[in-house]
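# Examining the three-dimensional arrangement
The residues making up each chain are set out below.
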Amino acid sequence: MRVLLTGGMGFIGSHTAVVLQEAGHEPVLFDNLSNADRSVASRIERITGRAPQFIEGDIRDGALLEKVLREEAVDAVIHFAGLKAVGESVVKPLEYFDNNLTGTLRLLEAMRASGVKRLIFSSSSTVYGPPAHLPLQETDPTGEATNPYGRTKIMIEEMLADLCRADPEWSAVCLRYFNPIGAHPSGLIGDDPNGIPNNLLPYVSRVANGRLPFLNVYGNDYDTPDGTGVRDYIHVMDLARGHAAALPYAMSHTGWRAVNLGCGRGYSVLEVVAAFEKASGRRVPVKFAPRRTGDIAANWCDPALARGLFGWEAKLTIEDMCRDAWRFESMRAAEAAAQTQS
Ligand code: WQD
């Protein structure tokens, strides 16, 4: 199948492109490179032996999207493109609503105009807000997002639900990611955000490699075993395989579905730091800091629906996640040093 990946040069998109190519599909990567590097396409080629098609563009350009959907004979769309920094969204809500909501609206209009009505959407556990109980199931209430980023995810899920109610030809599968971390085992692609990382793993990686002095642990007074935040971390390769497993479902069913993609267990910040120190052989100094606005104490999911619908479950461990993240960070640093010397 020919699958358009909006945001396909980003962290989750690029790993999904690798898995789709290896499964015999043709991913077409559509990205404005606002948070991704142009070299990702050649890195994917080094991994799979085939260069994915890359089209530079913004999802708010509806005319370009329609042109691409028609000319590339796209069968389905996986929609990754979106701004995703929780803290930044609090400071810049209008940019998040414009990029994430207007962009999604333009995409859906272009899909309707070109007759492509199969969509997998990159949603997030953040739609649940502070969980009333754990593990989280897809039937649990959403709508209590604590930040504009989370609200855009909720609004897009609801846009898709309304669209499926209005036009029964549509298939919309909302994949609610928990915390994606790690990197492709080759070390060629991974999570390398621009500037200072918001998320835990890329920050820890840079501390381990001496690019940052220490990790601020945001709160050690939560109601968790060691007082630090607990999350359901999932290897990005497991997450990518979850998308490939959702594709046949999206092509053979219509209607709206939300599905959790996680491991079904939580790790605390300090447990992740310990796992990373073991995987890297490096020390990760920490300092306890006040809680971060918008953070919740703990969340993890019940992954049973993904197993039932897609025949998929996460298989990689927290040790695999840290080992692969460290390999990516080490190779990236070595490349940067080599470029500096040349
Ligand atoms: C994890 C834990 C922090 C950084 C968000 C989005 C989610 C997804 C992933 C996009 C928390 C603690 C973190 C640091 C720390 N986004 N932490 N020091 O906030 O659970 O999820 O990012 O796909 O949709 O909601 O992820 O990695 O920022 O935080 O102590 O420097 O690590 O308090 O307990 P989060 P995170």
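In this report, the structure presented in the accompanying data block is examined. (Residues numbered from 1 in each chain as written. Predicted model: local features only at pLDDT ≥ 70, side-chain atom pairs only at ≥ 80, totals over all residues. Heavy atoms only, no water.)

## Brief notes about the nonpolar core
Stated precisely, the cut-off is as follows: The set of buried Ala, Val, Leu, Ile, Met, Phe, Trp, Tyr and Cys residues whose side-chain atoms join them within 4.5 Å is what this entry labels a nonpolar core. When a residue's accessible area, from a 1.4 Å probe over protein chains only, is under 20% of the maximum for its type it is buried; when over 50% it is exposed; and in between it is partly exposed. Only DSSP runs of H or I with at least four residues qualify as helices, and only runs of E with at least two residues qualify as strands; both kinds are numbered from the N terminus onward.
One finds L5, I120, V173, L175 and F310 to be the most contacted residues of the largest nonpolar core, which totals 41 residues. At the level of elements, strand 1 (2–6), helix 1 (11–22), helix 2 (40–48), strand 4 (76–79), strand 6 (171–177), helix 8 (236–252), strand 11 (255–261) and helix 10 (304–310) are the ones that each hand at least two residues to this core. Considering each element in turn, this core owes the most residues, 10 residues, to helix 8. One finds L4, L65, L160 and L163 within the second-largest nonpolar core, a separate group that totals 27 residues.

## Digging into the packing of helix 7 (residues 200–208) against helix 11 (residues 318–341)
Rule in force here: Each axis is a line fitted through C-alpha atoms, taken for helices only over the stretch in contact, and angles between the N-to-C directions span 0 to 180 degrees. Orientation categories follow fixed angle ranges, with anything under 35 degrees roughly parallel, anything over 145 roughly antiparallel, 65 to 115 roughly perpendicular, and all other angles oblique. Handedness of each helix crossing follows the sense of rotation of the near helix against the far helix: counterclockwise by less than a right angle gives left-handed, clockwise gives right-handed. Here a residue-residue contact requires only that any non-hydrogen atoms of the pair lie within 4.5 Å. In this classification, the charged set is Asp, Glu, Lys and Arg, the nonpolar set is Ala, Val, Leu, Ile, Met, Phe, Trp, Tyr, Cys and Pro, and all remaining amino acids, among them Gly, are polar.
Helix 11 packs onto helix 7 with a crossing angle of 55 degrees between their chain directions and a minimal axis gap of 10 Å. When the axis of helix 7 is compared with that of helix 11, the two are oblique. Considering the relative orientation of helix 7 and helix 11, their crossing is right-handed. On the side of helix 7, the interface is formed by L201, S205, R206 and A208, while helix 11 contributes A325, W326 and E329. A breakdown of the residues in the contact of helix 7 with helix 11 according to their chemical character gives four nonpolar, one polar and two charged.

## Brief notes about helix 9 (residues 269–280)
For clarity, the threshold we go by: One less than the residue count of a helix, multiplied by 1.5 Å, gives the span that helix is expected to have. The directions considered for the arc run from the helix axis to the C-beta atoms.
The end-to-end C-alpha distance of helix 9 is 16 Å, a good match for the 16 Å that 12 residues give at a rise of 1.5 Å each. Residues of helix 9 that are buried: V269, V272, V273, A275, F276 and S280. For helix 9, the angular spread of buried residues about the axis comes to 165 degrees, placing them on one side. In this structure, the buried side of helix 9 is in contact with helix 7, strand 8 (215–218), strand 10 (233–235), strand 12 (267–268), strand 13 (286–289) and helix 11. Phi turns positive, to about 75 degrees, at G281, one or two residues after helix 9.

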